[in-house]
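Architecture and fold: a report
Next come the chains, spelled out residue by residue.
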Amino acid sequence: YGGMGLDFSYSIAVAEELGNIRCGGIPMAIGVQAGMTTPALTRFGSDELKKQFLIPTIAGDFVACLGISEAGAGSDVANIKTTAVRKGDEYVINGGKMWTTSGCQADWMCLLANTSEGPPHRNKSLICLPMNLPGIHVAKRIDKLGMRSSDTAQIFFEDVRVPSKNLIGEEGRGFTYQMLQFQEERLWGVATVLTPLETIIQETIDYTRQRKVFDKSVLHNQAVHFRLAELATEVELLRSLLYRTIALYVEGNDVTKFASMAKLKAGRLAREVTDSCLQFWGGMGFTSEVLVSRFYRDLRLMSIGGGTDETMLSIICKHMETLPSK
């Protein structure tokens, strides 16, 4: 369908390299396009759907967005209220989505909606939704703390009609499909923060080496260079966990626990590194002129988007409970 047919480890290599971009919004937008809206379509979509949506998305002719979160259902995906009611050979969609990355400019949305009245984990379906259909209202572009170069939309659906053939895979399997997509999304997110964190640490070393306080460089203080050494070590440990998880995933293993651990650690470490390093920049760190202040804002999303830290902890706990006793 226009891709290179490589395994997921290559996507992670790309994600890690995109971390050299000096803002978080651009890698995130690429990640939504390449690893968040398309995995389910690639795995479970019909050939017709792949030709209509996947080929132009891979080529970069279409911008895609992911319609999962709602005002009352962020990490709690099972609680979404948007409905897609089957009427003849169409679905009629009503509801709305919140915090939709690239939603203001998207050509199509990978939409998760309730297609029946059944149990919350078995009543949802994924649908390829063209964004130019009547009844789709992009309410506003949300003003955010960080990721300011990325458009984030609030979107409403009012009796939107979409062909039933736009269903991805089987009806009622959307929750399961989306959980699989989340694994790749979370691993992509982890990969994109590694290089920024290394960059922040190195720039902080360079700045504190030349910045003088009480007639000596800030870096000359043992508390400073020990702290930077600790943070650099933590980044390398996170990279090792990511690489182990990717190796297992490529071999076909369920990596839900490790992916959740990596996502949790990445979010917390991003906060720890940016906060600690910004402190060493002093007043300069509180300005918009330096990279550390941008990443302080941008990378804060890592602990929220794609599943909060608390959600990751819940997933990890559930998987630990299934381990066999020794």
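Please read all numbers here as calculations on a predicted model, not as lab measurements.

Structural notes on the UniProt feature "domain: Acyl-CoA dehydrogenase/oxidase C-terminal" (unreviewed entry) in the protein
In the UniProt entry, the feature "domain: Acyl-CoA dehydrogenase/oxidase C-terminal" (unreviewed entry) is given for residues 172-320. Secondary structure content for residues 172-320 is 74% helix and 3% strand, while the C-alpha to C-alpha distance between its ends is 28 Å.

Comments concerning the packing of helix α5 (residues 174-210) against helix α6 (residues 222-250)
Closest axis-to-axis distance for the α5/α6 pair is 10 Å, and the angle between their directions is 160°. Judged by the angle between their axes, α5 and α6 are roughly antiparallel. For the pair α5 and α6, the sense of crossing is left-handed. Contacts between α5 and α6 involve Glu 184, Leu 187, Val 190, Ala 191, Val 193, Leu 194, Leu 197, Glu 198, Ile 201, Thr 204, Ile 205 and Thr 208 from the former and Leu 228, Leu 231, Ala 232, Val 235, Glu 236, Leu 238, Arg 239, Leu 242, Thr 245, Ile 246 and Tyr 249 from the latter.

Side note on helix α9 (residues 309-321)
Spanning 13 residues, α9 covers 19 Å between terminal C-alpha atoms, matching the ideal 18 Å at 1.5 Å per step. All of the buried residues along α9 are Asp 309, Met 312, Ile 315 and Ile 316. When α9 is viewed along its axis, its buried side chains cluster within an angular range of 120° and face the same direction. In α9, the exposed positions angled more than 90 degrees off the buried face are occupied by Glu 310, Lys 318 and Glu 321. At its buried positions, α9 is contacted by α5 and α7 (256-280).

What to know about the side chain of Asn 123
Mapped onto the fold, Asn 123 is located in the loop between β4 (108-114) and β5 (124-130). The class for Asn 123 is buried, based on a relative accessible area of 7%. A polar contact of 3.2 Å, which involves the side chain of Asn 123, links it to the backbone oxygen of Ser 116. If we skip the residues at most four places from it in the chain, Asn 123 touches Ala 113, Asn 114, Thr 115, Ser 116, Gly 118 and Gly 172.

Observations concerning the domain arrangement of the protein
Here the protein is described as being made up of domain 1 (8-170) and domain 2 (176-320). Listed per partner, the contact involves 40 residues of domain 1 and 33 residues of domain 2. Carbon and sulfur atoms supply 65% of the area buried between domain 1 and domain 2, which totals about 3,000 Å² over both sides. Broken down residue by residue, the surface that domain 1 buries against domain 2 is led by Phe 8, Glu 16 and Arg 22, which jointly contribute 23%. At the boundary of domain 1 and domain 2, one finds 3 salt bridges. The salt bridge partner of Arg 22 is Glu 203, with a shortest N-O separation of 2.9 Å. Counting across the interface, domain 1 meets domain 2 through 15 residue pairs in polar contact (both at pLDDT 80 or more).

Section: the pattern of salt bridges
Taken as a whole and judged by the stated rule, the model has 16 salt bridges. Ionic pairing is found between Lys 97 and Glu 70, a salt bridge with its closest N-O pair at 2.9 Å. Here Glu 70 lies in the loop between β1 (64-67) and β2 (83-87) and Lys 97 lies in strand β3 (residues 90-101), a separation of 27 residues in the sequence. Relative accessible area serves as the criterion here: at 6%, Glu 70 is assigned to the buried category. Lys 265 is the partner of Glu 234 in a salt bridge, and the nearest nitrogen-oxygen pair spans 2.8 Å. Linking Glu 234 in helix α6 with Lys 265 in helix α7, this pair joins segments that are 31 residues apart in sequence. Take Lys 265: its relative accessible area is 31%, and that puts it in the partly exposed class.

Cut-offs and rules
- Residues numbered from 1 in each chain as written.
- Predicted model: local features only at pLDDT ≥ 70, side-chain atom pairs only at ≥ 80, totals over all residues.
- Heavy atoms only, no water.
- UniProt positions renumbered as here; feature names shortened; annotations may be inferred.
- Helix = DSSP H or I, 4+ residues; strand = E, 2+ residues; numbered from the N terminus.
- Axes fitted to C-alpha atoms, helices over the stretch in contact; angles between N-to-C directions.
- Parallel < 35°, antiparallel > 145°, perpendicular 65-115°, else oblique.
- Left-handed = near helix turned anticlockwise from the far one by under 90°.
- Contact = heavy atoms within 4.5 Å.
- Expected span 1.5 Å × (residues − 1).
- Buried < 20%, exposed > 50% of the residue type's maximum accessible area, 1.4 Å probe, protein only.
- Arc of directions from axis to C-beta.
- Polar contact = N/O pair within 3.5 Å; in protein donor to acceptor, adjacent residues only side chain to side chain.
- Domains from an automatic or database assignment.
- Buried area = accessible area lost by both parts, 1.4 Å probe.
- Salt bridge = Lys/Arg side-chain N within 4 Å of Asp/Glu carboxyl O.

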